[in-house]
Amino acid sequence: MKLQLKACLGLMIFLTYSYMTNSVRNNASYATVVLRELLEGALRNTEVFVLDGSVSSEIDWGEVYPPDVTMTRITASNYNSAIFPSKVFLGSNFTVIWIIDNSEMNNVISHLPEECSRQLIVLSLNDNLEIWKIFQTKATYCSKFAVVIQCHELSNTASVYVNFPLKENSIKLLGMWSLETFRVKESLFLERFKTFSGSVLKVASLCDDFPLLYQINEDCSCRGSNLDALQVISSHLNFSFEYQINSSDFNWGSYENGTWTGLLADLVYNGRHIVINYFLLNLERYTYFDSTYPYRAEGFGFLAHLPTPLPQWKAVVLPFSLNTWISIGAAIIVVTIFFTLFSWIVINNERSATLQPITALFLVLGALLSQPSSLGAVDRAEWRRVWMAVWFLSCIVFVTAFKGNLIAFLTVPQYPLRIETLKQLAQSPLRVTMQDYGEFVPDALKASTDHTLHTIGNKLDLFPYKLNYDIGMDLVVANKTHALIETYSYLMSLQKKYNVTDHTYLLKEQVYSGHLSWLLPKHTPYTEVISDTLQRLRETGILHKLFHDHFGDTAARKDDIVSVSSLSMEQLQGAFFLLLVGFSAAFISWVLEVVSMRLKLRREARSF
C-alpha cells in the first residue's frame, strides 16, 4: 500500500513538473513572438536593454533580433550597476525589458534592479506570477512608463497591463497582445500620472518660513506663497494635500551621523511625499532626493543695525569731504598769495598800485561768499579783472555744489560709512549670529577655504531653535554686537515683524546664493509632472505674484507718502555754531584792533 502511495505521489510530482516545464516552454515560445512584434512595432528605431531574469527560458533569440533596433541582452546574474548606471535607463529613446518566469516572488525581485527607467516592459512567462506584486516593486513604481505583459500557457496569448499608482483600482488591462493593437509606442506606454485621480499628498512642512509658509497668530493653520502654488497645482492635477505645522523632530533638515533630520527625515522615513519649504538645491540634496526645476534664486543675507547718525551740527561741513575742504583752503591761499605778488610786478616800467595781502584775502573770500567787490578802488589793471573773473567762475561751482548738498545734509540724518560687503564684515568687530535649526551654512562657513568666509564662520554664534527670533534680534537691535544670518527674504520679513525697518539694514552681498526647489523622495515617478506644472507657474509670472501678495511692501523702507516738516533746531544747529564761531572771531579781532589803536595813540602822544 505504501509503495502504491509513493508511486502515485511520484507520478503527480512528475506530471506537475512536466506541466510547468511545458507551460514555461510554451510561454517562452510565444514570448519569442511577442518580443519580435514589440521590436518591429512599438520599439522600432529605439535602443533596448534586455535583462533576462528567467530560469528556464527557451526564447529563440535568433528570431528576435530585428534590423532597426539596437539591443543589448544580459542575464540577471551578470548584471552590474557600475557598468549600466541608472542614468543609462533614463534616456527618452531607451526601453528596458525584463524577462521573468519564476513563481517565487522574492527571487523575481532579486532579479530586478532598483534603477528606474523611463520606459519599462516586464515580460512574464509564468501565469502564476501575480501582477499586483510585480507593480509593487520599486523599479516598476518609479519608472515613468511601466507595462507588464503576461503570457498564457494554454491559449498562446498575452495580456497587457498598466497600473496607475495613485488610483484606488490601480491596475488596468489594456487588452490582449497583438501587433495591430500595440504597433505604436503611444498605445503601449500610457501617461500614468497625467492626473492624480483625487489622491492625497502628504506635505512635509514647517510653518515658520515667511513668505513661503507661515502662521498668523499661531492659529494652527498655515499659509504662504508656496502653499498657494501647491493649491493651484493640485487643482490642475486633481489631488489634495495635507501639511504639518512642524517637522517630526522640530529640526529643519540636514544629514547628520548617517541619518536625515527634520523635514528631509519626514520624506525618507515618515512617508511624506513632498517638501515645499526653503531648500537650496546643493549636491547632497540633488544626490539623495528628487527635485523640481528651480523656481526662485536667493541666498543668505546679513541683517545689521544702522550706525549711529552723525551729529547734526556737522551738517554745515558734511557737503564736502575733508580732502575737498583742504583743497579749497589751499586754493584760497594760493590765489591770495599770487594775487598779492603779481601786483608788485613792474609792467611797462610802472609799478602797479600796492595791494595789501589782507585786502587780497578779502577780495578772494568775497568771491567765495558771493559778495560783490570793486577793483576800481584798488587798481585799474586789466589783468586783475581777468584774474578775479576766473576765480569767480570757480567759486560759482564751489558754492552751487555746497548749497545743493547742504539741503540734503540738513534734512536727512547722516550715517558714518556702514558695512556693505563680506570683507568689511569680516574685518569689523561685529560678530554674526544664526538660529541653530540644522542649516548647512554654519559648517560651510567654518570649512570654507575662502579667508573672508572662514573668518566670518569663526565668529559665528548660534542661538537655540525656537519659533521666534527674539534672541537674535536682541543681539542685533539692542546689543548692536551681531549681524543676523538668514535667508534674504526672511530677513526682510523679520524687519517688518519686529518693526525695526528704520533701524536696521541688509548688507548688499549674500552668501551661498542658489536655486530653490521642491524636494521629493528619490525616484518619485510623478516628480516630472509636478515640476513641469511648477515651472509653468513660474514662466507665467504667477509664482512671482503669489510671493509678493504675501510679502506686501516689506521690501520698502518707508511708505510712498513722505510727511513734510519744518527744519528743527537740531538740523540747523551747525549754522548757529558757525555763527557763534564767527562772532567770537570778530570779537577777538575787535579787541585786538582796539588794543592796537590805543597803543598807537600812546606812541604818537609820546612823540610830541
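Everything quoted here is computed from the prediction, not taken from an experiment.

Parameters at a glance
Residues numbered from 1 in each chain as written. Predicted model: local features only at pLDDT ≥ 70, side-chain atom pairs only at ≥ 80, totals over all residues. Heavy atoms only, no water. Helix = DSSP H or I, 4+ residues; strand = E, 2+ residues; numbered from the N terminus. Buried < 20%, exposed > 50% of the residue type's maximum accessible area, 1.4 Å probe, protein only. Contact = heavy atoms within 4.5 Å. Disulfide = S-S within 2.5 Å. Arc of directions from axis to C-beta. Polar contact = N/O pair within 3.5 Å; in protein donor to acceptor, adjacent residues only side chain to side chain. Axes fitted to C-alpha atoms, helices over the stretch in contact; angles between N-to-C directions. Parallel < 35°, antiparallel > 145°, perpendicular 65-115°, else oblique. Left-handed = near helix turned anticlockwise from the far one by under 90°. Salt bridge = Lys/Arg side-chain N within 4 Å of Asp/Glu carboxyl O. Pairing = 2+ DSSP bridges. Nonpolar A, V, L, I, M, F, W, Y, C, P; charged D, E, K, R; others polar. Core = buried A, V, L, I, M, F, W, Y, C linked by side-chain atoms within 4.5 Å. Patch = residues over 30% accessible without salt bridge, like charges linked within 9 Å, V, L, I, M, F, W, Y side chains within 5 Å. Areas by Shrake-Rupley, 256 points an atom, 1.4 Å probe, with all protein chains shown as cover. Lys, Arg positive; Asp, Glu negative; His and termini not counted. Charge placed at Lys NZ, Arg CZ, Asp CG, Glu CD. pLDDT = per-residue confidence, 0-100.

Concerning the overall build of the chain
Then step 1. Along its length, the chain carries 19 helices and 24 strands.
Then step 2. Per-residue burial for the chain yields a buried fraction of 43% across its 608 residues.
Then step 3. Taking contacts inside the chain between residues at least 6 apart in sequence as the whole, the part at least 24 apart equals 73%.

Details of unusual backbone geometry
Then step 1. Geometrically, the link from Phe-210 to Pro-211 is a cis peptide bond, its omega value of 0° lying close to zero.
Then step 2. The residue Pro-211 is located in the loop between strand S9 (208–209) and strand S10 (213–214) in this model.
Then step 3. A positive phi is found at Asn-238, a non-glycine position, where the angle reads about 65°.
Then step 4. Counting through the fold element by element, Asn-238 comes out in the loop between helix H6 (225–237) and strand S11 (239–243).
Then step 5. Accessibility expressed as a relative area gives 40% for Asn-238, which makes it partly exposed.
Then step 6. A positive phi angle is found at Tyr-512, which is not glycine, with a value near 50°.
Then step 7. Turning to its location among the elements, Tyr-512 is positioned in strand S23 (residues 511–516).
Then step 8. Note on Tyr-512: relative accessible area 25%, which makes it partly exposed.

Observations concerning the state of the cysteines
Then step 1. By the definition in use, this model includes 1 disulfide.
Then step 2. A disulfide bridge connects Cys-207 with Cys-222, and the sulfur atoms are separated by 2.0 Å. Disulfide Cys-207-Cys-222: torsion about the S-S bond near -120°, hence left-handed. You can see Cys-207 sitting in the loop between strand S8 (199–204) and S9 and its partner Cys-222 sitting in the loop between S10 and H6, a full 15 residues away along the chain.

Focus: helix H14 (residues 451–458)
Then step 1. Residues of H14 that are buried include every one of Thr-452, Leu-453, Ile-456 and Gly-457, and no others. Buried residues of H14 fall within an arc of 135° about the axis and therefore sit on the same side.
Then step 2. Buried positions along H14 lie against strand S16 (296–305), helix H12 (422–427), strand S19 (431–436), helix H13 (441–447), strand S20 (460–464) and S23.
Then step 3. Among the residues of H14, the N-terminal cap falls to Asp-450, whose side-chain oxygen and the backbone nitrogen of Thr-452 are separated by 3.1 Å.

Examining the packing of H6 against helix H17 (residues 527–539)
Then step 1. One way to put it is that H6 packs onto H17 with a least axis distance of 10 Å and a crossing angle of 120°. Considering the angle they form, H6 stands oblique to H17. Note that H6 runs across H17; the crossing there is right-handed. Contacts between H6 and H17 involve Ala-229, Val-232, Ile-233, His-236 and Leu-237 from the former and Val-529, Ile-530, Thr-533, Leu-534 and Leu-537 from the latter.

Focus on helix H15 (residues 470–478)
Then step 1. Looking only at H15, the buried set comprises Gly-472, Met-473, Leu-475 and Val-476. Along the long axis of H15, the arc covered by the buried residues comes to 155°, so they all point the same way.
Then step 2. Where H15 is buried, its residues touch S16, S19, S20, strand S21 (482–487), helix H16 (488–497) and strand S22 (504–506).
Then step 3. One or two positions beyond H15, positive phi appears at Lys-480, with a value near 60°.

Some points on the pattern of salt bridges
Then step 1. Summed over the entire model, instances satisfying the criterion amount to 9 salt bridges.
Then step 2. For Glu-130, the salt bridge identified is with Lys-133, shortest N-O distance 3.2 Å.
Then step 3. Using a relative accessible area of 37% as the deciding quantity, one classes Glu-130 as partly exposed.
Then step 4. On the accessibility criterion, Lys-133 (29% relative accessible area) is partly exposed.
Then step 5. For Glu-528, the salt bridge is made with Lys-144, and the minimal N-O distance between the two is 3.4 Å.

Describing the sheet that holds strand S1 (residues 47–52)
Then step 1. Pairing is mixed in the open sheet, where 7 strands are placed in the order S2-S1-S3-S4-S5-S6-S7. Of all the strands in the sheet, the pair left with one neighbour each is strand S2 (70–75) and strand S7 (171–176). Adjacent strand axes in the sheet meet at a mean angle of 20° when their direction is disregarded.
Then step 2. Across 6 bridges, the pairing between strand S5 (residues 145–152) and strand S6 (residues 157–163) is antiparallel. Counterpart to Val-147 in the pairing with S6 is Val-162.

Looking at the packing of H6 against helix H18 (residues 542–551)
Then step 1. H18 packs onto H6 with a crossing angle of 140° between their chain directions and a minimal axis gap of 8 Å. Classified by the interaxial angle, the pair formed by H6 and H18 is oblique. Pair H6 / H18 crosses with right-handed handedness. Residues Ser-225, Asp-228 and Ala-229 of H6 pack against Leu-543, Leu-546, Phe-547 and His-550 of H18.
Then step 2. A per-class count over the contact of H6 with H18 returns 4 nonpolar, 2 polar and 1 charged.

Looking at the environment of Thr-324
Then step 1. By the secondary structure assignment, Thr-324 is in helix H9 (residues 322–342).
Then step 2. Among the residues examined, Thr-324 registers a relative accessible area of 29% and is labelled partly exposed.
Then step 3. Residues Thr-324 and Phe-398 lie 74 residues apart in sequence; the distance between their C-alpha atoms is 9.9 Å.

Observations concerning the nonpolar core
Then step 1. In terms of nonpolar packing, the biggest core is built from 81 residues, with Phe-196, Phe-302, Leu-425, Leu-484, Ile-485, Trp-518 and Ile-530 touching the most fellow members.
Then step 2. When residues of this core are assigned to their parent elements, the largest contribution, 5 residues, is made by H6.
Then step 3. Non-local contacts of Phe-196, meaning those with residues more than four positions away in its chain, are made with Leu-166, Leu-201, Leu-237, Asn-238, Phe-239, Tyr-526, Val-529 and Ile-530.

Things to note about a negative patch on the surface
Then step 1. Together, Asp-249, Glu-256, Asp-436 and Asp-443 line one region of the surface with negative charge.
Then step 2. Its location among the elements puts Glu-256 in strand S12 (residues 255–256).
Then step 3. Accessibility expressed as a relative area gives 40% for Glu-256, which makes it partly exposed.

Quick look at the confidence of the model for the chain
Then step 1. Overall, the prediction assigns the chain a mean pLDDT of 79, with 78% of residues at 70 or greater.
Then step 2. Note on residues 1–26: pLDDT under 50 across the span, and 9 contacts to partners over four residues away in sequence or across chains.
Then step 3. Note that pLDDT drops below 50 for residues 553–567; the model gives that stretch 15 contacts with residues more than four away or on any other chain.

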